[in-house]
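What the coordinates show
Letter by letter, the chains look like this.
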Amino acid sequence: LDPGEGAAPAYAGAPAASPPEHLAKYLKMLKMHIPRAAVEQKMRADGLDPVLLDPGEGAAPAGAGAPAASPPEHLAKYLKMLKMHI
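Described below are features of the structure shown in this document. (Residues numbered from 1 in each chain as written. Predicted model: local features only at pLDDT ≥ 70, side-chain atom pairs only at ≥ 80, totals over all residues. Heavy atoms only, no water.)

**Let's talk about the pattern of salt bridges**
Test applied: In what follows, salt bridge is the name for a side-chain nitrogen of Lys or Arg lying within 4 Å of a carboxyl oxygen of Asp or Glu. With a 1.4 Å probe rolled over the protein chains alone, any residue whose accessible area is under 20% of its type maximum counts as buried; one over 50% counts as exposed, and the rest are partly exposed.
The tally for this structure, following the rule as stated, stands at five salt bridges. Between Lys42 and Asp46 there is a salt bridge, and its shortest N-O distance comes to 3.6 Å. On the accessibility criterion, Asp46 (35% relative accessible area) is partly exposed. Each of Arg36, Glu40, Arg44 and Asp54 takes part in one network of salt bridges that share partners.

Rendered as structure tokens:
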């Protein structure tokens, strides 16, 4: 058994910039827009609990403390393209 196994997941509440190495593969799969159900199934096949992907319930979402700045008008079409994953 891993020393961290059974303890609270290290990813819950950790900064988004430093996910644990054993979850990096699955987070990359999600980033590549592979369906979450498929990623969870792969985690189960590899012997990991899919709950590890979820951030802690008490953790604030990234950027929750900072007010959202509106983007310049001339960049709107590019931001829309990014949202569409183009």
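Having seen the structure, we can now continue with the description.
**Some points on the nonpolar core**
For clarity, the threshold we go by: Here, nonpolar core refers to any group of buried Ala, Val, Leu, Ile, Met, Phe, Trp, Tyr and Cys residues whose side-chain atoms link them within 4.5 Å. Starting at the N terminus, helices and strands are each numbered in turn, a helix being any DSSP run of H or I of at least four residues and a strand any DSSP run of E of at least two. By definition in these notes, contact holds between two residues if any of their heavy atoms fall within 4.5 Å.
Formed by Leu23, Tyr26, Leu27, Met29, Val39, Met43, Leu52 and Leu53, the largest nonpolar core amounts to eight residues. Elements that contribute at least two residues to this core include exactly α1 (21–31) and α2 (36–45). Counting residues per element, this core draws most heavily on α1, at four residues. Excluding anything up to four places from it in sequence, Tyr26 contacts Val39, Lys42, Met43, Asp46, Leu48 and Leu53.

**Quick word on unusual backbone geometry**
The backbone of His33 sits at a positive phi, close to 65 degrees, despite the residue not being glycine. As for its position among the elements, His33 is in the loop between α1 and α2.

**Quick look at a nonpolar patch on the surface**
Worth spelling out the cut-off: Patch definition: residues above 30% relative accessible area lacking any salt bridge, with like charges linked at up to 9 Å and the nonpolar side chains Val, Leu, Ile, Met, Phe, Trp and Tyr linked at up to 5 Å. The accessible surface values rely on the Shrake-Rupley method and a 1.4 Å probe; as for residues, cover is taken only from the protein chains in view.
Together, Leu75, Tyr78, Leu79, Met81, Leu82, Met84 and Ile86 give the surface a local cluster of nonpolar side chains, amounting to about 690 Å² of exposed area. Along the chain, Leu75 turns up in the loop between α2 and α3 (76–83).

**Some points on α2**
Formally: It is the directions from the helix axis to the C-beta atoms that the arc portrays.
Inspection of α2 places Val39, Glu40 and Met43 among the buried residues, and these make up the whole buried set. For α2, the arc enclosing every buried residue in end-on projection is 100 degrees, short of the 170-degree limit, so these residues lie on one face. More than 90 degrees from the buried face of α2, the exposed residues found are Ala37, Gln41, Arg44 and Ala45. Among the structural elements, α1 are those in contact with the buried residues of α2. Downstream of α2 by one or two residues, Gly47 has phi in the positive range, about 85 degrees.

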